[in-house]
Amino acid sequence: MTSRLAVVTVTYSPGPHLDAFLSTLAVATKERPEVILADNGSTDGAPEAAAEKYQAVRLLRTGANIGYGGAVNRAVAELDPAVEFIVVANPDIRWSMGAIDVLLAAAGRWPRAGSLGPLIRNVDGSVYPSARQVPTLFSGGAHAVLGSVWPRNPWTLRYRQENERITERAVGWLSGSCLLLRRAAFDSVGGFDSRYFMYMEDVDLGDRLGKEGWLNVYVPGAEVTHAKGHAAGRHPEIMLPAHHESAYRFQADRHPHWWQAPLRAALRGGLKARSRLAVAAALRDQQGSRKEVS
């Protein structure tokens, strides 16, 4: 019998994170979901080992590194039509007891919830601000420019909603590192926008769900832990420019008119400059860490 639930994760040489993801998944739900590994070209053998070790795991090779959202869409297209809910999560998530069942219960309380997200903890136990407002051009730009040099600026605080009470509520968007998606809602907006190679695809999805009348619901009664960016940390020269390009795409799509061209040009120039600075800083940090180790 097909479960009403399936789990999709995108792999790209995930290392030991993937085994922790799958072993802790067993305590996250009483359902027995199919798990699809949408693999974007791993070379470490971890997805193959997982597919051999875990009976419910299916390895789907995408054929190339087609990005996060594109890989999720490919995997969802493989699912049985009877699947009602899809968990989309990074392979460096570790599940707490009953986390997915708590999300499913919340979906029953919120019939217009298109996406539901848990409370996400960093590995040090701190809470990651995973439930946020959809950024406007001004608030998103102010956060991008000031967030690293003035973390407590009012635009960053409002965007990240760190001062909000930790309570179940509808929000603008939820972190794509761990989501429960209602299949009908996901299909109604055409899934993830595959033009986003990585980053901002979750902001875009949450915004489009909201515009179609669905809700994005934060469910802090469910908890997971996220190792946060194992691939991004290894390759900042690739991932950071991708992040900034996605930020540009998000705002450019929402400001498409000819008379908004100067805004788009200024945004692109500012984000490119910020990206170069961020990459240089990340590479310096990497070199410093290597010297300390040696």
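That block above? That's the structure.
Reading guide: rules and limits
- Residues numbered from 1 in each chain as written.
- Predicted model: local features only at pLDDT ≥ 70, side-chain atom pairs only at ≥ 80, totals over all residues.
- Heavy atoms only, no water.
- Helix = DSSP H or I, 4+ residues; strand = E, 2+ residues; numbered from the N terminus.
- Buried < 20%, exposed > 50% of the residue type's maximum accessible area, 1.4 Å probe, protein only.
- Polar contact = N/O pair within 3.5 Å; in protein donor to acceptor, adjacent residues only side chain to side chain.
- 1 Å grid on protein atoms, 1.4 Å probe; cavity = no way out; pocket = protein on both sides within 12 Å on 5 of 7 lines; lining within 4 Å.
- Points joined across faces, edges and corners; volume = space filled by probe spheres on them.
- Nonpolar A, V, L, I, M, F, W, Y, C, P; charged D, E, K, R; others polar.
- Core = buried A, V, L, I, M, F, W, Y, C linked by side-chain atoms within 4.5 Å.
- Contact = heavy atoms within 4.5 Å.
- Arc of directions from axis to C-beta.
- Salt bridge = Lys/Arg side-chain N within 4 Å of Asp/Glu carboxyl O.
- Phe/Tyr/Trp six-rings, centres within 6.5 Å; stacked < 30°, edge-to-face > 60°.
- Lys NZ or Arg CZ within 6 Å of the ring centre and 35° of its normal.

Asker: When you look at the side chain of serine 3 in this model, what are you seeing that I'm missing?
Answerer: As for its position among the elements, serine 3 is in the segment before β1 (5–11). Taking the relative accessible area as the measure of exposure, serine 3 reaches 14% and is therefore buried. Polar side-chain contacts of serine 3 include one of 3.1 Å to the backbone nitrogen of leucine 5.

Asker: For this particular structure, what's the right way to read the layout of surface pockets?
Answerer: Gaps left between atoms are located by rolling a probe of water-molecule size over the structure's atoms. Here the second largest pocket is characterised by a volume of approximately 210 Å³. Around the second largest pocket sit Leu22, Leu25, Ala26, Thr29, Glu31, Arg32, Pro33, Val35, Tyr54, Gln55, Ala56 and Val57, which together line it. Classifying every residue of the lining of the second largest pocket gives eight nonpolar, two polar and two charged.

Asker: So what exactly am I meant to see when it comes to the nonpolar core here?
Answerer: Most often, soluble globular proteins have nonpolar side chains that are buried together. The biggest cluster of nonpolar side chains holds 32 residues, and the ones touching the most others in it are Phe21, Leu22, Val87, Trp95, Ile100, Leu116 and Leu180. Ranked by the residues each element gives to this core, the list is headed by helix α4 (residues 99–109), at six residues. The residues contacting tryptophan 95, other than those within four sequence positions of it, are Phe21, Thr24, Leu25, Val27, Ala28, Val87, Ala89, Ile100, Cys178, Glu223 and Val224. Among the nonpolar cores identified, the runner-up in size contains 29 residues, and Ala38, Val83, Phe192 and Tyr218 belong to it.

Asker: Got a minute to help me understand the environment of histidine 226 in this structure?
Answerer: In this fold, histidine 226 is placed in strand β12 (residues 215–226). The sequence separation of histidine 226 and aspartate 124 amounts to 102 residues, and the corresponding C-alpha distance is 9.9 Å. Engagement of the side chain of histidine 226 in a polar contact is seen with the side chain of asparagine 90, the distance being 3.4 Å.

Asker: I keep staring at α4 and nothing clicks. Help me out?
Answerer: Count 3.6 residues to each turn of an α-helix, and residues three or four apart come out pointing the same way. All buried positions along α4 are accounted for by Ala99, Ile100, Leu103, Leu104, Ala106 and Ala107. Projection of α4 onto a plane perpendicular to its axis shows the buried side chains occupying an angular sector of 160°, all on one side. For α4, the exposed residues set more than 90 degrees away from the buried face come down to Gly108 and Arg109.

Asker: What's the story with the pattern of salt bridges in this structure? I'm lost.
Answerer: When charged atoms on two side chains of opposite charge get close, those side chains can pair. Applying the stated criterion across every chain, the model contains 15 salt bridges. Measuring nitrogen to oxygen at the nearest pair gives 3.0 Å for the salt bridge that ties lysine 53 to aspartate 19. Within this pair, whereas lysine 53 is found in helix α2 (residues 46–53), its partner aspartate 19 is found in helix α1 (residues 17–25), the two being separated by 34 residues in sequence. The exposed category is assigned to lysine 53, whose relative accessible area is 56%. Note on aspartate 19: relative accessible area 34%, which makes it partly exposed. The salt bridge involving glutamate 78 is made with arginine 58; its shortest N-O contact spans 3.4 Å. Of this pair, glutamate 78 sits in the loop between α3 (68–77) and β4 (85–89) while arginine 58 is found in strand β3 (residues 57–61), placing the two residues 20 residues apart along the sequence. Exposure remark for glutamate 78: the relative accessible area of 41% places this residue in the partly exposed category.

Asker: Help me out: how do you make sense of the packing of aromatic side chains in this one?
Answerer: For any two aromatic rings, the description comes down to two numbers: the centre-to-centre distance and the angle of the planes. All chains considered together, the criterion is met by three aromatic pairs. Their ring planes at 75° and their centres at 5.6 Å tell us that phenylalanine 186 and phenylalanine 192 sit as a pair that is edge-to-face. Phenylalanine 192 matches phenylalanine 186 in its accessibility class, with the two residues each being buried. Here the aromatic cluster, defined as three or more aromatic residues joined through ring pairs, consists of Tyr68, Phe186 and Phe192. The lysine or arginine in question, arginine 112, covers the ring of tryptophan 214, its NZ or CZ lying 3.9 Å from the ring centre. Stacked on the ring of tyrosine 248, the Lys or Arg arginine 268 has its end atom at 3.9 Å from the ring centre.

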